[in-house]
Amino acid sequence: MNILVVGSGGREHAIIMKLAESEKVDKLYCTPGNGGISRYAECFDVGATDIEGVVALAKKLAPDMVVVAPDDPLVLGMVDALQAEGFRTFGPKKNAAIIEGSKVFSKELMKKYGIPTAGYEVFSDSESAVKYIKEQNTYPTVIKADGLALGKGVILAQNEEEAVSAVKSMIDDRQFGESSSTVVIEEYLTGPEVSVLSFTDGKTVVPMISSMDHKRAYDNDEGLNTGGMGTVAPNPYYTEAVAKECMEKIFLPTINAMNAEGRTFEGCLYFGLMITPKGPMVIEYNCRFGDPETQVVLPMLDGDLAEIFEAIYEHRLSEVPIKWKSGYCTCVVMASGGYPVKYEKGLEINGLDEKGQVENAFVYHAGTKFKDGTFTTNGGRVLGVTCNALTLQGALDKSYDAVKKITWKDEHHRKDIGARALKALNNDPLDLEYKQDMEDYIEENGVYLRQ
Ligand code: AMP
Ligand code: GLY
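All figures in this text were calculated on a predicted structure; none of them were measured in a lab.

Peer 1: What should I look at first to understand the pattern of salt bridges in this one?
Peer 2: Side-chain pairs of opposite charge can arise whenever the charged atoms involved come near each other. Under the counting rule described, the total for this entry stands at 27 salt bridges. The shortest N-O distance in the salt bridge between arginine 174 and glutamate 178 comes to 3.1 Å. On the basis of relative accessible area, arginine 174 is assigned to the partly exposed category, the value being 35%. The partner of arginine 414 in a salt bridge is aspartate 416, and the shortest N-O contact between them spans 2.8 Å. There is no split in this pair, since arginine 414 and aspartate 416 are both buried.

Here you go:
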């Protein structure tokens, strides 16, 4: 098979490296790709949201499959456009990608089908939203833009002032354009977060190994939300009991709900979960692989990704063996100083070999360029340094050792990736903060719903 992957980040690099392991795969193409990806796949300069451009490129390359990895082209209908021209694809069609493309859609879906999630209300005018905020008078409260907002459309407002200002900028000032003309105001939930990516063809759903993202820019979860500063897999909070409950109450009901709505989901459905004292709840759905979750999940896959993609396209996922390696995988993101706000590009990266790699780790490139034998920075998140080992501590030590070998001006990474997961493992499996939340809930309600 020759496969074209659409996208340009660490996630796409991870997809390409896993596809490269498959005996079925001959040639890998990526558009637009990045410096690191270009060392393993032929890259083109068609942008990831340029639907006509990607269709034209596919006509030129005639690949056996096109994998659409990022959210925007999926929500815009790139898979539909490719299928209309007869291409085999991986990724949901537009009418299913709406599960990420509209928070209002996903919240209404969960309400209609009884899938556990935070309580919410929807507003399209700021006056009623402000009135509701004042009536509720409960903080923190969560304000979410309905549509895609580059991962920045969620505000956790600590008080009335912040909440009112968030709805006004979103609805009145169109902070995220039409994406924020409607907002969801949501109950604030507590508990550890778990990312579960799943393969599904609409008939079968196969959860991948769980993972934990670290979204804030700085150590101890301080600073702004980012696309993700590091990940570990598996996530120690995702115990077998939790997994069972998620399958029964969340994963299967979601697949069934999408089918019942005539919006069968085919591709990777990402469940962003919070393990609250009342049990696991959905924080968000993504219609694609997560970034940087993919960088720790796919290396743990003991299976053939090209075969899985093909089987999903042919609706026979249940026939494919999918297993997971034991041990842990960790990814530390190295970012440009100033990310996620303002940062320089074009800085020379030291320490990488001609493939963009260092010893004893795999370096997934997120934002790099490669020219005349040199890698330079070309984005906020630049590299994802990934290792696996039998223990979480072992994998983290390897990742951080490898990080030390790579430098550039103003490079920034978190020093505490995996710290909470380690603490959780040592507390088997609930850390103290979580225990306190549970105890508060039990005191208030007299019950604890989940073993
Ligand atoms: P999202 O962009 O939807 O992933 O949201 C960003 C982050 O906001 C999540 O990873 C959570 O940490 C937090 N978040 C979103 N919704 C809620 C909620 N209802 N309660 C508490 N935290 C939330
Ligand atoms: N890491 C979160 C996401 O991909 O949305």
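Peer 1: Would you explain the environment of alanine 97 in this entry?
Peer 2: Of note, alanine 97 is situated in helix H5 (residues 94–101). The spatial distance from the C-alpha of alanine 97 to the C-alpha of tyrosine 285 is 9.6 Å, given a sequence separation of 188 residues. With near-sequence residues (within four places) excluded, alanine 97 lies in contact with Leu74, Val75, Pro92 and Cys287.

Peer 1: Even after reading the chapter, I still don't get the side chain of glutamate 310, so can you show me in this structure?
Peer 2: In this structure, glutamate 310 sits in helix H11 (residues 305–313). At a separation of 3.2 Å, a polar atom in the side chain of glutamate 310 contacts the side chain of lysine 24. Once residues lying within four places of it in the same chain are set aside, the contact partners of glutamate 310 are Met1, Lys24, Met65, Arg88 and Arg316.

Peer 1: What exactly am I supposed to notice about the packing of aromatic side chains here?
Peer 2: Under the definition given, this model contains 12 aromatic pairs. Relative to phenylalanine 289, the ring of phenylalanine 199 has its centre 6.3 Å away and its plane inclined at 80°; by these criteria the two rings are edge-to-face. Placement of the pair is phenylalanine 199 in strand E10 (residues 193–200) and phenylalanine 289 in the loop between strand E17 (279–286) and helix H10 (294–297), with a sequence separation of 90 residues. Looking at phenylalanine 199, the relative accessible area reads 0%, which means it is buried. Here phenylalanine 289 falls in the buried class, since its relative accessible area comes to 2%. Each member of the aromatic cluster is reached from another via a ring pair, and the members are Phe90, Phe199, Phe289 and Phe309.

Peer 1: Would you take a moment to explain the sheet that holds strand E16 (residues 267–276) for this structure?
Peer 2: Neighbouring strands of a sheet are bound in pairs by backbone hydrogen bonds; such pairs are parallel or else antiparallel. If you walk across this open sheet you meet the four strands as E11-E10-E16-E17, and the pairing is antiparallel. At either end of the open sheet lies a strand with only one pairing partner, and these are strand E11 (205–207) and E17. With strand direction ignored, the average angle separating the axes of adjacent strands in the sheet is 35°. Two strands pair when backbone bridges link them, and E10 and E11 are joined in this way by three bridges, in the antiparallel orientation. From the neighbouring strand, phenylalanine 199 faces E11, where its bridge partner is valine 206. In this fold helix H9 (residues 240–260) packs onto E10, E11, E16 and E17, with an angle of close to 130° to the strand it touches most, E16. Each of E10 and E16 touches H11; the most contacted strand, E10, lies at about 65° to it.

Peer 1: What should I look at first to understand the sheet that holds strand E7 (residues 141–145) in this one?
Peer 2: Here four strands make up an open sheet; going across it, the order is E6-E9-E7-E8 and the pairing antiparallel. On the outer flanks of this sheet lie strand E6 (120–123) and strand E8 (154–157), each paired with one strand and no other. On average, each strand axis in the sheet is tilted by 20° relative to the strand beside it, whichever way the strands run. Where E6 lies against strand E9 (residues 183–186), four bridges are found, and the strand directions are antiparallel. In the sheet register, valine 122 faces E9, and the bridge partner there is valine 184. Seen against the sheet, helix H8 (residues 160–172) touches E6, E7, E8 and E9 and runs at an angle of roughly 5° to E7.

Analysis parameters
Residues numbered from 1 in each chain as written. Chains lettered and ligands numbered in written order. Predicted model: local features only at pLDDT ≥ 70, side-chain atom pairs only at ≥ 80, totals over all residues. Heavy atoms only, no water. Salt bridge = Lys/Arg side-chain N within 4 Å of Asp/Glu carboxyl O. Buried < 20%, exposed > 50% of the residue type's maximum accessible area, 1.4 Å probe, protein only. Helix = DSSP H or I, 4+ residues; strand = E, 2+ residues; numbered from the N terminus. Contact = heavy atoms within 4.5 Å. Polar contact = N/O pair within 3.5 Å; in protein donor to acceptor, adjacent residues only side chain to side chain. Phe/Tyr/Trp six-rings, centres within 6.5 Å; stacked < 30°, edge-to-face > 60°. Pairing = 2+ DSSP bridges. Axes fitted to C-alpha atoms, helices over the stretch in contact; angles between N-to-C directions.

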